[in-house]
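Below are the chains, spelled out letter by letter.
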Amino acid sequence: MRADITVLPGDGIGPEVTAAAVAVLRKVACQFGHVFEFNEQLIGGIAIDTCGEPLPQATIDACVNSDAVLLGAVGGPKWSDPQARVRPEQGLLGLRAKLGVFANLRPLRVHPRLASLSPLKAENLVGVDLLFVRELTGGAYFGKKSREDDVAIDECRYSVAEVERVVRRACELAKARKRRLTSVDKANVLETSRLWRTTTERVVAEYPEIELEHQLVDSMAMLLLTRPASYDVIVTENLFGDILTDEAAALAGSLGVSPSASLGAGRLGLYEPIHGSAPDIAGQGVANPIGAILSAALLLRHSLGLEAEASELEAAVDAVLDSAELTRDLGGNASTSEVTESVLAKLNSRQQAAA
Ligand code: NAD
Ligand code: IPM
Ligand code: MN
């Protein structure tokens, strides 16, 4: 097949990890006889420096006209002044809104070799296989913001329709898994959470095969540490999902291995590792590319419908995690490009073994 992929390297380690993901996608295209065209555009801090805004129109145009968007990360100390007129993160939020990608999928498994790097005891990590579905285009992130002297307001707003569509997506995903759905809210305090809860119950009632459980977000933060293997699909609002998924990522040994897919109504999706621009290690060639590479696998699956290719890439990454030298965050000494080379080599050897 032919596919147009917009690449948004962004800031910090973003360019390093997207280069790795693109190299791997080129390899997959070559192995499976596809043609992928990559079109690189600006977003975030680099876009502010180059054209004064974090999400230039040319970037939006390229993204909406492509089959999928692969993003690195945005932000960094250079653009973090609280008084700044524009921020890199506005570029990312603007893009999510423009693309209408309301469902952010963040899968999480713990590879056995990495269990010892997790702050949890390895025995508590056996069988952890989570899929977070984070609502991505609503809530406090997108509500009205205001500032007056000593008071600041971030409005948190959700409509029934916004909750319905993301919960429905979570149900569809749960159907193909263990059919257990945990909805996370703060319904004992927040009105938006009460709307979230009643809407969720109504939508899930359409799926008799799915077992629904509600958890309050504070308790869920604890349960993720005490019994992470008890959960399957976890659906929640934007800010809770942001926080819980970084917490959960620590279970897997490093923030550097977690991918994400942001999906809307159509096929066009936005794919990015869940980590940020990691200014503390940017430019050193030591960033872990696995989160970005696994995001590329999600791109193959969800936007291009290439399931076999996605599984093959995930298997190659698994094999690298089994036996290859890894990056510093995973206790190894390998560089970003060495890990990328290992993934490419695994793709090669798996293809030869299959032939
Ligand atoms: P971060 O995720 O960038 O880094 C947190 C820690 O994890 C750092 O110690 C970093 O070195 C490490 N880390 C992250 N990714 C890694 C990788 N691939 N390999 C090895 N180590 C890795 O979070 P932060 O420091 O809180 O944020 C830095 C900037 O990134 C901020 O400006 C923030 O807004 C932005 N950010 C952007 C995104 C995004 O673009 N999607 C996501 C999160 C944060
Ligand atoms: C993420 C990031 C973003 C978010 C920031 C950079 C806007 O933390 O993708 O998880 O909060 O959604
Ligand atoms: Mn985050």
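**Student:** Any chance you could break down the environment of Leu225 for me, citing the residues and the numbers?
**Tutor:** Relative to the elements of secondary structure, Leu225 occurs in helix H7 (residues 217-226). A sequence separation of 80 residues divides Leu225 from Lys145, and the C-alpha atoms of the two residues are 33 Å apart. Once residues within four sequence positions are removed from consideration, Leu225 is found in contact with Leu120, Glu247 and Leu251.

**Student:** Now, about the site of ligand 1: what can you tell me, with residues and values included?
**Tutor:** Around ligand 1, 21 residues are found, and the nearest of them are Glu89, Glu272, Gly276, Ala278 and Asp280. In this structure, a nitrogen atom belonging to ligand 1 sits 2.8 Å away from a side-chain N or O atom of Glu272. Within the backbone of Asn288, an N or O atom sits 2.9 Å from a nitrogen atom of ligand 1. Its free accessible area being 800 Å², ligand 1 has 69% of it covered by the protein chains.

**Student:** With reference to specific residues and values, describe the pairing of strand S9 (residues 211-216).
**Tutor:** Taken together, the 6 bridges between strand S8 (residues 180-185) and S9 define a ladder with parallel strand orientation. Considered in S9, the bridge of Arg180 is made with Glu211. Viewed along the sheet, the connection from S8 through helix H6 (residues 191-204) into S9 turns out right-handed.

**Student:** Pulling in residues and values, what's your account of the packing of H7 against helix H8 (residues 238-251)?
**Tutor:** H8 packs onto H7 with a crossing angle of 10° between their chain directions and a minimal axis gap of 10 Å. Relative to H8, the element H7 is oriented roughly parallel. Listed contacts from H8 to Val217, Met220, Ala221, Leu224 and Leu225 of H7 are Phe240, Leu244, Glu247 and Leu251. Split into classes, the residues belonging to the contact of H7 with H8 amount to 8 nonpolar, no polar and 1 charged.

**Student:** Could you give me a rundown of the nonpolar core, with the residues and numbers involved?
**Tutor:** Soluble, globular proteins show a tendency: their nonpolar side chains are buried together. Ranked by internal contacts, the top residues of the largest apolar core, which has 89 residues, are Phe36, Val133, Val167, Leu300, Leu313 and Val343. The dominant element in this core, judged by the number of residues it contributes, is helix H9 (residues 290-302), at 9 residues. In terms of domain composition, this core takes at least three residues from each of domain 1 (1-106 + 254-355) and domain 2 (119-252). With residues near it in sequence (within four places) discarded, Val343 still touches Val24, Ile293, Leu313, Ala316, Val317 and Val320. The next biggest cluster of nonpolar side chains, apart from the first, holds 14 residues, and it includes Leu8, Ile60, Leu95 and Val101.

**Student:** An account of the sheet that holds S8 is needed here, citing residue identities and associated values.
**Tutor:** With mixed pairing, 10 strands are arranged side by side in an open sheet as S2-S1-S3-S12-S11-S4-S5-S10-S8-S9. Of all strands in the sheet, those bounded by a partner on one side alone are strand S2 (35-40) and S9. The mean angle between the axes of side-by-side strands here comes to 25°, regardless of whether they run parallel or antiparallel. Pairing geometry for strand S11 (residues 261-263) and strand S12 (residues 269-271), over 3 bridges, is antiparallel. Within S12, the position partnered with Ala261 by the bridge is Tyr271. Sitting on the sheet, H8 is in contact with strand S4 (103-109), strand S5 (129-135), S8 and strand S10 (233-236), with an inclination near 155° to S5.

Conventions adopted
- Numbering of residues begins from 1 in every chain and follows the order in which that chain's sequence is written.
- As they are written, the chains are lettered A onward and the ligands numbered 1 onward, keeping that order.
- Where totals are concerned, whole chains, interfaces and linings use all residues; where local detail is concerned, this predicted model gives features only for residues with pLDDT of at least 70, and gives and counts side-chain atom pairs only at 80 or more.
- Side-chain calculation: all heavy atoms of the structure are included, whereas hydrogens and water are not.
- Labels follow the DSSP assignment, with helices taken as runs of H or I lasting at least four residues and strands as runs of E lasting at least two, numbered in each case from the N terminus.
- Any two residues whose heavy atoms approach within 4.5 Å at even a single point are treated as in contact.
- Any residue with at least one heavy atom within 4 Å of a molecule or strand is counted as near it.
- Definition of a polar contact: a pair of N or O atoms within 3.5 Å, with one able to donate and the other able to accept a hydrogen when the atoms are protein atoms, and with sequence-neighbouring residues admitted only if both atoms are side-chain atoms.
- Only the protein chains shown count as cover for residues, and all accessible areas are computed by the Shrake-Rupley method using a 1.4 Å probe.
- At least two DSSP bridges between two strands are required for those strands to pair.
- Orient the strands so they point away from the viewer, and a crossover whose first-strand-to-second-strand path over the helix runs clockwise is right-handed.
- Angles here are taken between N-to-C directions and fall from 0 to 180 degrees, while the axes themselves are lines fitted to C-alpha atoms, restricted in helices to the stretch in contact.
- We call two directions roughly parallel when the angle between them is under 35 degrees, roughly antiparallel when it is over 145, roughly perpendicular when it lies between 65 and 115, and oblique otherwise.
- Polarity classes work like this: nonpolar for Ala, Val, Leu, Ile, Met, Phe, Trp, Tyr, Cys and Pro, charged for Asp, Glu, Lys and Arg, and polar for all others, with Gly in that last group.
- Nine residue types can take part in a nonpolar core, namely buried Ala, Val, Leu, Ile, Met, Phe, Trp, Tyr and Cys, and a core is a set of them joined through side-chain atoms within 4.5 Å.
- Residue burial is assigned from relative accessible area. The probe radius is 1.4 Å, only protein chains are included, and a residue is buried under 20% of its type maximum, exposed over 50%, and partly exposed in between.
- As annotated, the domain borders come from an automatic or database domain assignment.

By themselves these figures say nothing about function.
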